[in-house]
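Residue strings, one per chain:
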Amino acid sequence: MMKIMSGNEAVALAVKFSRVGVVGIYPITPQTTIIEELAEMRARGEINTDIVRVESEHSAMGVTLGAAVAGTRAFTATSSQGLLYMHEMIWWTAGSRAPVVMVVATRAVGAPWNIWNENTDFMSERDSGWIMSFASSPQEALDLTLQAFRISEDPRVFVPMMVGMDGFILSHTKTNVYVPSQEDVDQFIPPRRQPYVIDPETQESMGNIFQPVHYMKLRQSINDAIQGSIDVIKEVGREYEKVNPLSDYKTLNVQYKLEDADYAIVTMGAWSLDAMEAIDKLREKGVKVGLYRIRYIRPWAEQEIRRSLEDKKAILVFDRATSLGRAGPLYLEMKATLQSPMKGVIAGLGGVSMSKKDFYEVISNFIEEVKFGNPNKVEWYYPGEVKYVELGTPRSAY
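Residues numbered from 1 in each chain as written. Predicted model: local features only at pLDDT ≥ 70, side-chain atom pairs only at ≥ 80, totals over all residues. Heavy atoms only, no water.

Undergrad: Where do I start with empty space enclosed by the protein in this structure?
TA: Leftover empty space is mapped by rolling, across the atoms, a probe with the size of a water molecule. One pass over the structure, following the stated rule, counts one cavity of 30 Å³ or more. By volume, the largest cavity amounts to about 40 Å³. Lining the largest cavity, in full, are Asn-119, Met-123, Met-268, Trp-271, Phe-318, Asp-319, Arg-320, Ala-321 and Leu-330. Counted by class, the lining of the largest cavity contains six nonpolar, one polar and two charged residues. (1 Å grid on protein atoms, 1.4 Å probe; cavity = no way out; pocket = protein on both sides within 12 Å on 5 of 7 lines; lining within 4 Å. Points joined across faces, edges and corners; volume = space filled by probe spheres on them. Nonpolar A, V, L, I, M, F, W, Y, C, P; charged D, E, K, R; others polar.)

Below is the structure:
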């Protein structure tokens, strides 16, 4: 059935459907209503989940990891400074090969203080050893959270997984969401599986000092598991159609009007829908442009990306995050994957608004740049501060 709900409400519902045993919680805007909703479900008797209130995000992940290695399906959520405070335990969770699911409602990182959206917090964890997906709608937030439990607990994977979504833009905005039945989810997500369980009655232990070669082999095992999860993600995506018959998760990433496109736009997250509207307007003018939306940062779908984009004349990458002193993380990943002419645009940081009109203008300018030379560069875009150039304008005019 369809229900109107926010991204945070959709995530909480996915956790309920997944029959999570333990949730480590600590509030931080804009993810707080996820854990508030779960606490209310517990108070109403709708779930049997142990809701563990702690004193910090570091402890929230500590509780979640502890529950996971003890054999319990575990979940937590955080944002921004909380994710950074949790950073040490994020690495411990990955190094423990513990299936854990976390949702990150993205938000700018201080200083200075800023509660609005950007994706730098989420992108800063891409080296830590987690599978990482990113939603573009409350529907995807629900779907990807459900799939995350299945993927991370698959014996071919056994690594944690985090799901990102744009703070406020998705976390608090309500829209129609297809809600599956508990019975369908129960058939989709089997009883929890994991590589080992810590038990006081056994001699199993965790986190001891490894000799250098064994440490390196462990890191490689995590690397191989993440790279190998591509087949698992596709398999799970196909099976998920039984849970949500309206879904399409057969590929890691998503294409829009790309097959016949001369130019490709690369985006991630909620603003992809604004970019799609801009592409529709450009298509009406006969401009062959399409969109490639990144849904998985880790694993990086290199072969899928090459098949989709290597024949394009030029590629424009939008980043709502930045690696300061270098470029946007998506741009850097794409540059390492493709040899195509490519421009990077950093925009939307700290909640700066990007409308479909802004996307139209930036894409139009990019196509004109391609006509007159090599577009390889990175720009920071501020709406209203970059001159709009109508398609077909001679280079000398701007």
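Undergrad: Is there a simple way to think about the sheet that holds strand S2 (residues 22-25) in this case?
TA: Each strand in a sheet pairs with its neighbour through backbone hydrogen bonds, running either in the same direction (parallel) or in the opposite one (antiparallel). Overall, mixed pairing links the seven strands, which are arranged S3-S2-S4-S5-S7-S6-S12 in an open sheet. The open sheet is flanked by strand S3 (50-53) and strand S12 (296-298), the only strands paired with a single partner. Neighbour-to-neighbour, the strand axes of the sheet open up by a mean angle of 20 degrees, direction not taken into account. Pairing of S2 with strand S4 (residues 74-78), which is carried by two bridges, proceeds in the parallel orientation. Bridge pairing links Val-23 to Phe-75 in S4. (Pairing = 2+ DSSP bridges. Helix = DSSP H or I, 4+ residues; strand = E, 2+ residues; numbered from the N terminus. Axes fitted to C-alpha atoms, helices over the stretch in contact; angles between N-to-C directions.)

Undergrad: Would you mind going over the packing of helix H10 (residues 272-284) against helix H13 (residues 356-372) with me for this structure?
TA: Two measures define how a pair of helices packs: the angle their axes make with one another and the distance between the axes. Where H10 meets H13, the closest approach of the two axes is 8 Å, and the angle between their N-to-C directions is 55 degrees. Considered as vectors, H10 and H13 are oriented oblique to each other. As for the relative orientation of H10 and H13, their crossing is right-handed in sense. Residue-level contacts link Asp-274, Ala-275, Glu-277, Ala-278, Ile-279, Lys-281 and Leu-282 of H10 to Lys-356, Phe-359, Tyr-360, Ile-363 and Ser-364 of H13. Looking at side-chain class alone, the contact of H10 with H13 contains seven nonpolar, one polar and four charged residues. (Parallel < 35°, antiparallel > 145°, perpendicular 65-115°, else oblique. Left-handed = near helix turned anticlockwise from the far one by under 90°. Contact = heavy atoms within 4.5 Å.)

Undergrad: For this particular structure, what's the right way to read unusual backbone geometry?
TA: Backbone geometry follows two general trends: most residues other than glycine have a negative phi, and most peptide bonds adopt the trans configuration. For the bond running from Gly-110 to Ala-111, omega is 5 degrees, close enough to zero to count as cis. Within the element layout of this structure, Ala-111 appears in the loop between strand S5 (101-106) and helix H6 (120-123). Arg-298 connects to Pro-299 through a cis peptide bond whose omega is 0 degrees. Residue position: Pro-299 is located in the loop between S12 and helix H11 (302-309).

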